[in-house]
Every structure is written in structure tokens, then in C-alpha cells.
Amino acid sequence: MAEENNREQEQNTASQSRKRERKPQSYYDAIKARFAEERDLRLAYRPEGTSQYTSNLTGNLASYETDPYADAPEPRQAIDDSVEVLFIGGGFSALLTSARLREKGVQSIRIVERGADVGGTWYWNRYPGVACDVVSYDYLPLLDELDYVPLHHYARGPEILAHCQAIARKYDLYDLAVFQTTVTETRWDDEEKVWHVHTDRGDHMRAQFVVCANGTLSKPKLSRIDGMESYAGHSFHTSRWDYAFTGEKLEHLRDKVVGIIGTGASAVQAVPELAKASKALYVFQRTPSSIDIRDDWPTDPNWARRLTPGWQARRRARVLSIVERSPEQQARLDAMSSEEKLRYQENGNIDYMMRIHKRIDEIVQDPATAEALKPWYMFMCKRPCFHNDYLPSFNLPQVHLVDTHGKGITEINERGPVFEGQEYPVDVLIYATGFEVQKTGIYNHIVGRGGVDLEDKYADGIRTLLGIHTAGFPNLFIMGGYQASFQFNLTDMLQTQGDHIAACIDHVRKQGFRTMDPTEASESWWVEEVIRHRGKTNRNQECTPGYYNFEGEENRRQDGNYNGGFRRYFEHQGEVRAEFDQHFRFER
């Protein structure tokens with residue numbers, strides 16, 4: 001076996017061979033009780049749920065959404081034309097689906113993108129240290145098609161952006177693309193059987209098919225903090241990194257005191273770079289992330305040379321089979337009662353999190369700081385992080401952790417954040433506060449048949465077929481939204497959706513139809529499938545607040561992802577396509 005596969009197999013074997021030390025159930029019960037205490041503490045501090053954030057970045061907050069990576073858009077003539085397929089967004093969703101459409105002979109494809117280039121999240125996220133925490137050979141899609149092998153086991157942000165651009169060039173997606181343009185309304189005309197798409201630049205585009213590909217995490221949000229607009233220093237969001245201020249290598253920070261609010265995935269990658277570059281760094285933490293080891297290495301060129309066509313698809317299939325239970329494992333679980341199964345899974349989860357705690361104690365020298373960095377919640381309650389330099393950063397004398405123990409920063413004055421009466425003056429304040437999650441129309445008013453607003457349709461619960469189609473919105477496809485499968489390797493799931501959408505459009509074209517619209521019965525079937533596979537435990541409610549559980553808000557069981565397994569999800573896609581006439585109404 002090649003070196004890359006050998007290394008990964010060794011890691012998997014080591015992980016699987018760790019014998020779970022049997023401890024008394026009272027040990028696990030006590031830790032679970034601590035998890036609940038920490039959750040309740042955070043909920044009591046921030047009972048407002050998702051409304052504790054704002055993504056309405058207008059007025060004095062508008063600067064936090066300004067694109068620092070491109071010049072202001074130049075004036076142009078408003079576009080008034082028609083295309084066959086229009087994508088709202090230019091990230092991997094659009095690129096993957098467009099590639100499959102090109103393979104099926106579709107020529108008239110337009111990407112409308114708010115940024116100045118393709119790439120989606122990898123266009124916007126350019127903060128220092130940015131990288132993907134999924135293995136690059138699995139995450140970067142279309143590697144076979146582009147005859148490309150990533151440079152490292154984990155790809156850095158610039159390489160991923162360059163890969164997006166290479167896909168766009170290979171499939172001639174720049175020809176009709178429109179950048180620095182935001183879709184503001186997408187309205188169906190039942191008489192013409194087309195979508196009318198309007199933008200913030202006066203465009204009026206018509207499209208037979210529209211694909212909402214605006215991404216799962218694409219619109220930056222800020223915490224609502226009293227006085228934040230009074231801050232007199234420099235500030236920006238991590239997804240709009242201001243290199244003009246920091247310097248390309250952060251060299252302008254050597255005499256600066258830096259503050260960063262948030263300790264999620266972006267902060268975990270940025271903090272080590274800021275720690276090395278700044279005069280002093282204050283990290284303001286509400287809830288710590290789980291930080292595990294990230295084994296990285298340069299790609300072995302000999303391994304890369306020996307790859308044969310189809311290697312990525314085979315690799316993804318192997319990775320999927322590894323994470324699935326063997327028949328023996330499934331039989332052991334099936335033999336357990338529901339209570340035993342839940343206890344077994346919870347205890348294993350707690351063992352893993354206590355290993356995370358042990359690693360913190362081994363790395364972080366100050367006991368109080370180490371204790372503050374320990375996550376007290378089940379694994380996957382919040383997005384897991386993997387980094388080798390984040391925890392050691394807190395051993396540096398210029399790095400200071402301000403642990404708010406669940407409360408968060410609630411005040412900012414003209415000099416900087418204030419917590420429990422103590423002021424923290426900083427020269428620059430960086431918001432690592434994340435994004436809106438899985439919004440179908442983040443800037444876009446979507447109106448279907450009969451003038452029905454998509455938000456109104458979803459008011460009593462999200463209703464889709466496969467998380468992709470929704471009745472009353474013909475020829476509209478949604479990617480990366482709720483009621484689809486959740487995968488940590490998101491591009492794997494997006495690839496199945498792109499393949500499905502391309503097959504749907506190909507079917508409509510070949511059969512001479514103009515529209516396809518899912519039946520209410522099929523939509524209801526899928527909603528019930530989603531509900532059936534959610535809510536088997538109280539894990540969602542028991543988790544500490546975060547975007548995975550709507551910051552602790554109550555939510556309907558259908559307003560989430562399909563949890564019936566990734567393999568079953570794409571099998572469902574194939575079954576739906578095998579019975580098109582049963583699941584859709586087609587019109588000529």
C-alpha cells in the first residue's frame with residue numbers, strides 16, 4: 001500500500017484499537033450532569049437563542065460585510081436576457097453541478113455570485129491559517145476530472161480557492177458568470193414557465209431552472225453586544241480579513257494589542273497566527289471548542305504518480321465503508337435494549353471528550369487556563385476542531401484567555417470589550433462569530449406558484465423532497481439545505497445532490513418537458529422520513545447551545561437534517577429518479 005493510505009490506516013487502527021476502559025456508570029452520570037449544568041448556564045445567560053446574533057449588516061454595521069478582496073464593482077449595463085440554468089452562488093455546489101450539466105450537454109449555464117470570483121466560502125474565508133479540516137483527497141472534488149492531487153493531507157485555503165477557479169475554467173463557467181452581484185428576488189411565472197431573477201444591480205434574468213447554491217455558511221453574523229458600534233479602534237469579521245491593516249504576513253500587528261471574539265473553527269485556525277504576530281492577544285471565549293490532533297503531511301509524489309483513474313471515487317467509497325458499522329457491530333447493537341444502546345453510545349462519547357480534556361492538561365501549562373479550555377458537552381454538540389498549535393498558543397506570555405464561562409462579551413466601549421467591569425483595551429477587534437446556517441434565500445426573496453413566498457411555506461415547518469425540491473416551486477433546486485443528509489465532508493454530500501440535479505434537468509430536457517414539480521404526497525413522505533430519523537434521543541436538547549441546535553431554541557423535528565445515514569440518503573435519490581413519474585408532475 002502507498003504511504004498515504006498506510007498512514008491513514010495506521011491512524012484508524014490505532015483509534016479503533018483503543019480499548020475503552022470500563023468505569024462505573026456513576027462516573028459517566030456525573031460527567032453528563034456537568035454537561036447539563038454547563039448547558040443550562042449558557043441558556044440562562046442567552047435565552048434569546050438565535051436572535052442573540054444579527055446578520056442584518058446595514059448602516060453602521062455594513063462595513064463588516066464589505067468585500068476587502070476586490071475593488072468596488074465597476075458600473076455596467078443591467079443584464080436582460082435568458083439562460084437555461086442559473087445558479088445563485090458560486091461555491092462548490094454550483095461548480096459540482098455545473099460540471100455534471102456540462103457532461104450532459106447543457107451549454108447555457110450562469111453563475112450569479114456576490115463575491116468577485118467563484119469559491120464560495122473559500123473566496124470569503126482568507127484569514128491567516130485558513131485550511132480545511134477534512135482530508136484533502138476526500139474534500140476537494142473532481143480530482144480525477146482535473147487530474148490533480150492536493151499538495152498536503154489537509155489543503156490550505158489558497159489551494160482550495162485555486163481549485164475552485166480551475167473547475168470554473170475547465171467547464172467554461174466564467175463565460176456567462178456574473179460577479180459582485182446579489183440576487184434579490186427569484187419569482188416564478190407560471191404562464192411563461194420560467195423564473196424571473198432580479199439583482200441588486202438592476203438585472204432581470206430569466207431561467208428555466210434555478211439552483212439555490214448559496215452555501216450552508218455564507219452570510220456573516222455578529223453577536224449583539226451593547227456598545228459595539230462605539231468601538232473606536234479597527235475591527236472586522238474573520239470572513240472579511242483586512243490584510244491592508246494587518247499586513248499580508250501580519251507584520252503590522254507586532255506593536256498591536258489584538259482581541260478576537262469567538263473560539264469556533266475560524267478562531268481556532270487564526271489564533272495561532274495572531275499569537276505569533278501580535279504584541280498581545282486577548283481571546284474572548286464563551287464556550288470552548290473540542291480540539292483534537294490534526295495529522296498533516298505533504299503529499300508523497302510517488303503515491304500521487306501511482307494513482308489510477310477513479311481513485312477518488314474508490315477512496316470515498318472506502319472511507320464511507322469504514323465509518324459504517326460492520327454486520328457484527330450492528331448485531332451487537334441490535335441485541336441491546338434502547339436504554340443500553342443509548343448508554344453505550346453516550347459513555348463512548350464521554351470517553352472521547354475526556355481524552356480531549358486529558359490532551360489539554362498535557363499541553364496547556366497554566367492549570368486555570370487548561371480548565372477553562374475544556375469543553376463540557378458531548379462530542380458533535382458543537383463543530384469539532386482539529387489543530388496542533390491552538391492549545392500551545394495559550395502557553396505564550398502574550399496570549400491571554402478571557403473565559404466568560406458561558407456568558408459571552410456583553411459590552412464593548414470605545415476602547416474595547418468589557419467583561420464583569422474589567423475593560424480590555426485593544427487596537428484591533430476581530431469578530432469570529434460565524435455565519436447564518438443553511439438559509440435557502442439569504443439575500444433573496446423566493447416566490448413560487450400563486451405568489452407563495454418560500455418563507456411563508458416553511459412557516460409551519462420545512463417541506464421538501466430530499467432537501468432539494470419543494471412543491472409549488474417548479475424547476476427550483478436547493479443545495480446544502482435542511483432535510484438533506486449532514487456530512488462533515490460536505491462536498492461528498494453536495495456531489496450526490498449535484499449528480500441528482502443534473503440527472504433531473506437531463507430528464508426534463510430529453511423528455512421534452514418544461515417543468516418538474518414534486519407532488520405533495522412525495523414531499524409529505526420525505527418530511528415523515530426526516531421526522532422518523534430525528535428525535536430518537538434528547539441529544540439535541542441536551543447539547544450546549546450552538547448552531548447545530550439553533551442555539552438551544554425549540555425547533556420542529558422536521559426542521560433539520562435527514563439522519564437516516566448518508567448511504568441511505570443517496571440511495572433515496574436514486575430510487576426517486578427511478579420513479580420520476582411517481583414523485584413529480586411534469587408539464588410540457
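Values in this document were obtained by computation on a predicted structure and should not be read as measured data.

**Regarding the overall build of the protein chain**
Counting its secondary structure elements, the protein chain contains 21 helices and 23 strands. When its C-alpha atoms are laid out on the principal axes, the protein chain stretches across 70 × 65 × 55 Å. Across the 588 residues in the protein chain, those meeting the buried criterion constitute 55%. When contacts within the protein chain are restricted to residue pairs at least 6 apart in sequence, long-range pairs at least 24 apart make up 75% of them. Put simply, the protein chain has 72 plus and 87 minus side-chain charges, and the middle of one group is 4 Å from the middle of the other.

**Let's talk about the packing of helix 3 (residues 92–103) against helix 17 (residues 490–510)**
At a closest axis distance of 8 Å, the pairing of helix 3 and helix 17 adopts a crossing angle of 40°. As summarised for this structure, helix 3 and helix 17 are arranged oblique, according to the angle between their axes. For the pair helix 3 and helix 17, the sense of crossing is right-handed. Listed contacts from helix 17 to Phe-92, Ser-93, Leu-96, Thr-97, Arg-100 and Leu-101 of helix 3 are Thr-491, Leu-494, Gln-495, Gly-498, Asp-499, Ile-501, Ala-502 and Ile-505. Class assignment for the residues of the contact of helix 3 with helix 17 results in seven nonpolar, five polar and two charged.

**Things to note about a nonpolar patch on the surface**
Among the surface-exposed residues, Val-319, Ile-322 and Val-323 lie close enough to one another that they form a single nonpolar patch of about 230 Å² accessible area. You can see Ile-322 is positioned in helix 11 (residues 311–323).

**A short note on the nonpolar core**
One finds Phe-92 and Leu-274 to be the most contacted residues of the largest nonpolar core, which totals 113 residues. Of all the elements, helix 9 (residues 265–277) adds the most residues to this core, at eight residues. Those residues in contact with Phe-92 that sit more than four places away from it in its chain are Trp-122, Tyr-139, Pro-141, Ile-160, His-163, Cys-164, Ile-167, Thr-491 and Leu-494. Grouped together as the second largest cluster of nonpolar side chains are 24 residues, Ile-88, Val-183, Met-205 and Ile-478 included.

**Points about the pairing of strand 3 (residues 109–112)**
Of the two faces of strand 3, the one carrying Ile-109 and Ile-111 and the one carrying Arg-110 and Val-112 are both buried. Of the pairings in the sheet, the one linking strand 2 (residues 80–88) to strand 3 comprises four bridges and is parallel in character. Within strand 3, the residue paired with Leu-86 across the bridge is Arg-110. One crossover worth recording links strand 2 to the parallel strand 3 by way of helix 3, and it is right-handed.

**Quick look at the packing of helix 17 against helix 20 (residues 566–578)**
Running from N to C, helix 17 and helix 20 cross one another at 0°; their axes reach a closest spacing of 11 Å. As the angle between them shows, helix 17 and helix 20 are arranged roughly parallel. Contacts between helix 17 and helix 20 pair Asp-492, Met-493, Thr-496, Gln-497, His-500 and Ala-503 from the former with Phe-566, Tyr-569, Phe-570, Gln-573, Val-576 and Arg-577 from the latter. Residues belonging to the contact of helix 17 with helix 20 are distributed by class as follows: six nonpolar, four polar and two charged.

**So, the sheet that holds strand 17 (residues 422–423)**
As summarised here, the arrangement of the three strands in space is 15-16-17, forming an open sheet in which the pairing is antiparallel. Two strands bound the open sheet, and with one partner strand each, they are strand 15 (411–412) and strand 17.

**As for the state of the cysteines**
For the structure on display, the rule yields one disulfide. Cys-132 supplies the cysteine sulfur nearest to Cys-385, a cysteine that is in no disulfide, at a spacing of 12 Å. A relative accessible area of 2% means that Cys-385 is categorised as buried.

**Focus: the side chain of Glu-159**
Mapped onto the secondary structure, Glu-159 falls in helix 7 (residues 157–170). One buried charged residue, Glu-159, remains without a salt bridge, the closest side chain of opposite sign being Arg-156 at 6.7 Å. At 2.9 Å, the side chain of Glu-159 forms a polar contact with the backbone nitrogen of Leu-151. The contacts of Glu-159, once residues within four sequence positions are left out, are Tyr-148, Pro-150 and Leu-151.

**Notes on the confidence of the model for the protein chain**
With 95% of its residues at a pLDDT of 70 or more, the protein chain has an overall mean of 92. Predicted confidence for residues 9–18 stays below pLDDT 50, and this span has six contacts to residues more than four positions away or in other chains.

**What to know about the pattern of salt bridges**
Scanning all chains against the criterion turns up 38 salt bridges. The closest approach of N and O atoms between Lys-358 and Glu-362, which form a salt bridge, is 2.5 Å. Placement of the pair is Lys-358 and Glu-362 together in helix 13 (residues 338–363), with a separation of four residues, close to one helical turn. Pair check on accessibility: Lys-358 and Glu-362 agree, each one exposed. Between Arg-532 and Glu-529 there is a salt bridge; the shortest N-O distance is 2.9 Å. On the criterion of helical spacing, the pair formed by Arg-532 and Glu-529 is a turn pair, its members being three residues apart in helix 18 (residues 520–532). What makes Glu-529 buried here is its relative accessible area of 10%. Linked through salt bridges whose partners overlap, the residues forming this network are Asp-190, Lys-193, Arg-449, Asp-517 and Glu-587.

**Structural notes on the sheet that holds strand 14 (residues 399–403)**
The five strands lie next to each other as 9-18-10-11-14, forming an open sheet whose pairing is parallel. With partners counted over all chains shown, the strands left at the sheet margins are strand 9 (234–237) and strand 14, one partner each. In this sheet, neighbouring strand axes are inclined to one another by 15° on average, regardless of whether the strands run parallel or antiparallel. Bridge analysis of strand 9 against strand 18 (residues 428–431) gives four bridges, and the strand direction is parallel. Looking at the pairing, His-234 lines up with Val-428 of strand 18.

What counts and how
- Residues numbered from 1 in each chain as written.
- Predicted model: local features only at pLDDT ≥ 70, side-chain atom pairs only at ≥ 80, totals over all residues.
- Heavy atoms only, no water.
- Helix = DSSP H or I, 4+ residues; strand = E, 2+ residues; numbered from the N terminus.
- Buried < 20%, exposed > 50% of the residue type's maximum accessible area, 1.4 Å probe, protein only.
- Contact = heavy atoms within 4.5 Å.
- Lys, Arg positive; Asp, Glu negative; His and termini not counted.
- Charge placed at Lys NZ, Arg CZ, Asp CG, Glu CD.
- Axes fitted to C-alpha atoms, helices over the stretch in contact; angles between N-to-C directions.
- Parallel < 35°, antiparallel > 145°, perpendicular 65-115°, else oblique.
- Left-handed = near helix turned anticlockwise from the far one by under 90°.
- Nonpolar A, V, L, I, M, F, W, Y, C, P; charged D, E, K, R; others polar.
- Patch = residues over 30% accessible without salt bridge, like charges linked within 9 Å, V, L, I, M, F, W, Y side chains within 5 Å.
- Areas by Shrake-Rupley, 256 points an atom, 1.4 Å probe, with all protein chains shown as cover.
- Salt bridge = Lys/Arg side-chain N within 4 Å of Asp/Glu carboxyl O.
- Core = buried A, V, L, I, M, F, W, Y, C linked by side-chain atoms within 4.5 Å.
- Pairing = 2+ DSSP bridges.
- Right-handed = clockwise from strand over helix to strand, strands pointing away.
- Disulfide = S-S within 2.5 Å.
- Polar contact = N/O pair within 3.5 Å; in protein donor to acceptor, adjacent residues only side chain to side chain.
- pLDDT = per-residue confidence, 0-100.

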